Amino acid sequence: MKGEEGVTHARPAAAELVYAEDMHVGQQVELGSYEVTDADLVEFASAWDPQWFHVDSEAAEQGQFGGLIASGIHTLAILTRLTFEAVGYRWAMIAGRGFKELRFPRPVRPGDVLTGEVVLSDIAFDDRERALVTTQSTLVEQHGRPVLTVQLEAYVRARPQ
């Protein structure tokens, strides 16, 4: 996937939705891929995280990373988009609850192609016709080295009675 501007997605009919009962601990979801370009990196950082090592290539060349690197928030946004593309409208999602243990073990650089996986690690039903689904997500670059790891929690609807 490469920056699809204006992409719209129709939500499937209720019969096609994946409810919490349809999920299982250990389930893996493979993500698509996204190539990070110089322009993407600088544009995002200019708007949301304008630190010099994200937006000024000449200064970044002389800095501790030896060139431009993506904002961690940009990397998280890429994970969000890839996850949405893989499961977004199919899962009967209510809302995210939070992040835990967000880590950026290696910087993302222009030209990196990111992909990854989401693994369901817990599904806890409550009395409100929903479940708290916990996932462990990993984003890797083209050589398979992790650039982001995070535990995400989100509420998913239980199957209607």
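Everything numeric here is computed off the predicted structure, so don't read it as measured data. (Residues numbered from 1 in each chain as written. Predicted model: local features only at pLDDT ≥ 70, side-chain atom pairs only at ≥ 80, totals over all residues. Heavy atoms only, no water.)

Novice: So what exactly am I meant to see when it comes to the overall build of the protein here?
Specialist: Within the protein one finds 4 helices and 6 strands. Starting at the N terminus and ending at the C terminus, the protein contains elements arranged as β-β-α-α-α-α-β-β-β-β. Each principal axis of the C-alpha distribution contributes one length, and for the protein these read about 60 × 30 × 25 Å. Taking all 161 residues of the protein together, 40% fall into the buried category. Pairs at least 24 apart in sequence give 72% of the contacts found in the protein among residues at least 6 apart. Entry remark: accessible area of the protein is about 9,000 Å², with carbon and sulfur atoms responsible for 50%. (Helix = DSSP H or I, 4+ residues; strand = E, 2+ residues; numbered from the N terminus. Buried < 20%, exposed > 50% of the residue type's maximum accessible area, 1.4 Å probe, protein only. Contact = heavy atoms within 4.5 Å. Areas by Shrake-Rupley, 256 points an atom, 1.4 Å probe, with all protein chains shown as cover.)

Novice: Mind showing me how you'd approach the pairing of strand β4 (residues 113–125) here?
Specialist: Remark: a regular strand shows side chains that alternate across the two faces of the sheet. Where strand β1 (residues 28–30) meets β4, 3 bridges bridge the pair, whose relative direction is antiparallel. Its bridge partner being in β4, valine 29 is matched across the sheet by valine 118. In terms of strand pairing, strand β2 (residues 34–35) meets β4 through 2 bridges, oriented antiparallel. When the bridges of β4 are listed, tyrosine 34 appears paired with leucine 114. Here 10 bridges tie β4 to strand β5 (residues 130–140), and the two strands are oriented antiparallel to one another. Note that in β5 the partner of aspartate 122 across the bridge is threonine 134. Taking the residues between adjacent antiparallel strands as the criterion, β4 and β5 are bridged by 4 residues, where glutamate 129 takes a positive phi near 60°. (Pairing = 2+ DSSP bridges.)

Novice: Please explain the pattern of salt bridges as it appears in this structure.
Specialist: Applying the stated criterion across every chain, the model contains 6 salt bridges. For the salt bridge of lysine 100 with glutamate 153, the shortest nitrogen-to-oxygen distance reads 3.4 Å. Of this pair, lysine 100 sits in strand β3 (residues 93–103) while glutamate 153 sits in strand β6 (residues 146–157), and the two are 53 residues apart along the sequence. Given a relative accessible area of 40%, lysine 100 falls into the partly exposed group. Judged by relative accessible area, which is 10%, glutamate 153 ranks as buried. Taken together, the shared-partner salt bridges in this structure form one network comprising Arg97, Lys100 and Glu153. (Salt bridge = Lys/Arg side-chain N within 4 Å of Asp/Glu carboxyl O.)

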